[in-house]
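Now for the letters of each chain:
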Amino acid sequence: MDDTIRKLEEIARLIRIDVVTMIYKAGDGHPGAALSVTDLIAALYFHVMNIDPADPNKKDRDRFILSKGHGCPALYAALARKGYFPHADLVRLRSLECHLQGHPDMNKTPGVDFTSGSLGNGVAVGLGMVLAGRITGYDYFTDVVTCDGEIQEGIVWEAAMSAKKYKAGRLIVFVDNNGIQSGGPVDHVSGLNPILPKWEAFGWHCQEIDGHDFGQILSAVENAKANAEQPSLILAHTIKGQGVPFMIGDNSWHKRVPTVEEFRDAMRVLGGPCS
Amino acid sequence: MMRLGNTRLAFIETLTEIVEQGLRAVLVCADSVLVVKGKAFAEKHPERFFDVGIAEQNAVACAAGMAACGLVPFVATYAGFITMRACEQVRTFVAYPGLNVKLVGANGGISAGEREGVTHQFFEDLGIMRTIPGITVVVPADDSQVRHATRAIYKTPGPAYMRIGSGRDPVVDCDDVPFELGKVRVLRDDGRDIALFANGFVINRALQAAEVLRQEGIRPVVVDVHTLKPLDGQAIVRILRETRAAVTVEDHNIIGGLGSAIAELSVEECPVAIAKVGLRDTYPRSGEPDALLDYYHVGVTDIVKAAKMVMQRRDQGLRA
């Protein structure tokens, strides 16, 4: 287990290097949200999910939806490092000729299971995927990553009710709880908190973890999978900008491009190349 | 006395046949199972029936997820709740990815509003759906045509929106003219003095107007434009070239629906005189279906008047 965790920590470090580099070189993107979700994505793609990059449309594969689509630089980096497409594509993010859209597009980017970017929809879509598996006969899991800002959308709670009704035990939803959204701290923008009691009241199997602790992430997934009768909610406490100290606590990094000096500072901390 | 059919029942019976053929269709409702007469379907095929509660955005997004995993979901509820409340889910998560989701909207038009008033009368649905790239938009004439249209949208991969009515829907009695998705149907052809383009539950009114015109010596052609998108541009332009004048007849706002579609095509490919008969960009009220259509100037006399006016404009234009 220690080896697995060390391996995942290293992959997450590489993904963070990719995230900062691609946003720096592309000149656009949401670094803060991508860095808070990096460890969840690393754990899912490099340990948890049953997937095969050589056969991206394999019917019995586990599905992943980055419902908070603006965190996609982390997803793109994970997909590239899994081999779904060339790593060199990453720095062409958001350019006209590149398949890497500003938000994930299932028809353009290999490995993306569902289009996202408009907030709130991933839980409902994920539920549909789980229900489809009951008819097609494939018993895959669907993992959805949403965030504390996103779950202010009403459709999330519509889907939460339906998932309970359908006992969607193969639906696992992570809330990337970094506490800050576009307009500032969640508590300033919305009356959302507390989060966990709401999901408990909606009948979900709920867990609370440190979203940057791989041991906790992996054991929470195991617990979620063991509960076949309830959809699972994993509230992952995270830090917006995690891994790049000067981005932490400064919400201008919700959407901001590093200067050359900032890029070098970030690479120094992450141990990445400055070129 | 006009015969009434049930487009809701026609839809669900056809969907039942599709499911019983072993195909991967499912029904997704938003507490709309009774609306679409789906109770028997749900009892007979519980594994193919999903009710997500009064939550249309959830219904459409959930269906998108099902389609992404190989099913062919039919989302059926009131037209406006699909096309307005869940509009973004339709656009971004069904149409944009090109997923095989079929959207079936009941109470399309002011006449099918069951006297419920504006909240349940949907006269913008077609305009909204038509502006979204990649959705097939179908407005069947009556219950029998709904059966053809349901099978056709099932067989045609990709997103589709189909209008159905209140369940008390005028029978047009036009099955002798075959239904083909994307192709207009000429329902009456007396000549090329004037073209009447119509669809949905007001086709009978266009046919009655044609009879009045014929008795006055005017030779109309009546065309059912059941597929609003993709529009059968070739056939429509051919008719416009011959008539040089057209009236559109629809149970929809005159902005965005059939009238707009024909006018847009005409402007680009064959500019002719056109008059639009439909709801004139206002909110309707509760009332009996036929009385409502008359009250809002979608009556037979309105169509006849529009036809004469538009022919006059054409003839003046030809002289000028």
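Parameters and conventions
- Residues numbered from 1 in each chain as written.
- Chains lettered and ligands numbered in written order.
- Predicted model: local features only at pLDDT ≥ 70, side-chain atom pairs only at ≥ 80, totals over all residues.
- Helix = DSSP H or I, 4+ residues; strand = E, 2+ residues; numbered from the N terminus.
- Rg over C-alpha atoms; globule rule 2.2 N^0.38 Å.
- Buried ≥ 20, exposed ≤ 12 C-beta atoms within 10 Å, placed from the backbone.
- Contact = placed C-beta atoms within 7 Å.
- Nonpolar A, V, L, I, M, F, W, Y, C, P; charged D, E, K, R; others polar.
- Pairing = 2+ DSSP bridges.
- Axes fitted to C-alpha atoms, helices over the stretch in contact; angles between N-to-C directions.
- Parallel < 35°, antiparallel > 145°, perpendicular 65-115°, else oblique.
- Left-handed = near helix turned anticlockwise from the far one by under 90°.
- pLDDT = per-residue confidence, 0-100.

Student: How would you summarise the overall build of chain B if you had to cite specific residues and measurements?
Tutor: Each helix and strand counted, chain B has 12 helices and 14 strands in total. Whereas a compact globule of 320 residues would reach a radius of gyration of roughly 20 Å, chain B reaches 19 Å, a difference of no more than 12%. In terms of principal-axis extent, the alpha carbons of chain B reach across some 65 × 40 × 35 Å. Counting all 320 residues of chain B, 59% fall into the buried class. Of the contacts made within chain B by residues no fewer than 6 positions apart, 77% connect residues no fewer than 24 positions apart.

Student: I'd love a proper account of the interface of chain B and chain A, names of residues and values included.
Tutor: It is common to give the size of an interface as the accessible area that goes away when the parts come together. Listed by partner, the interface residues are 26 residues for chain B and 22 residues for chain A. Elements with a minimum of two residues in the side of chain B that touches chain A: α3 (56–68) and α5 (87–95) of chain B. Per element, the largest residue contribution to the side of chain B that touches chain A is nine residues, and it comes from α3 of chain B. Counted by class, the side of chain B that touches chain A contains 15 nonpolar, eight polar and three charged residues.

Student: How would you summarise the pairing of strand β1 (residues 63–66) of chain A if you had to cite specific residues and measurements?
Tutor: Residue and element names in this part refer to chain A. In β1, alternate side chains face the same way, and those of Arg63 and Ile65 on one face and Phe64 and Leu66 on the other are all buried. Relative to strand β2 (residues 142–147), β1 runs parallel, the two being bridged by four bridges. Across the sheet, Ile65 pairs through a bridge with Val144, a residue of β2.

Student: Quick rundown of the packing of helix α1 (residues 2–26) of chain A against helix α3 (residues 72–82) of chain A? Include the residues and the values.
Tutor: Residue and element names in this part refer to chain A. α3 packs onto α1 with a crossing angle of 120° between their chain directions and a minimal axis gap of 9 Å. Classified by the angle between their axes, α1 and α3 sit oblique to one another. In the packing of α1 onto α3, the handedness of the crossing is right-handed. Of α3, the residues touching α1 (which contributes Ile11, Leu14, Ile15, Asp18, Val19, Met22 and Ile23) are Pro73, Ala74, Ala77, Ala78 and Arg81. Tallied by class, the residues present in the contact of α1 with α3 amount to 10 nonpolar, no polar and two charged.

Student: Tell me about the confidence of the model for chain B, residues and numbers included.
Tutor: Residues at a pLDDT of 70 or more form 99% of chain B, whose mean pLDDT is 97. Confidence estimates for the predicted assembly give a pTM of 0.97 and an ipTM of 0.97.

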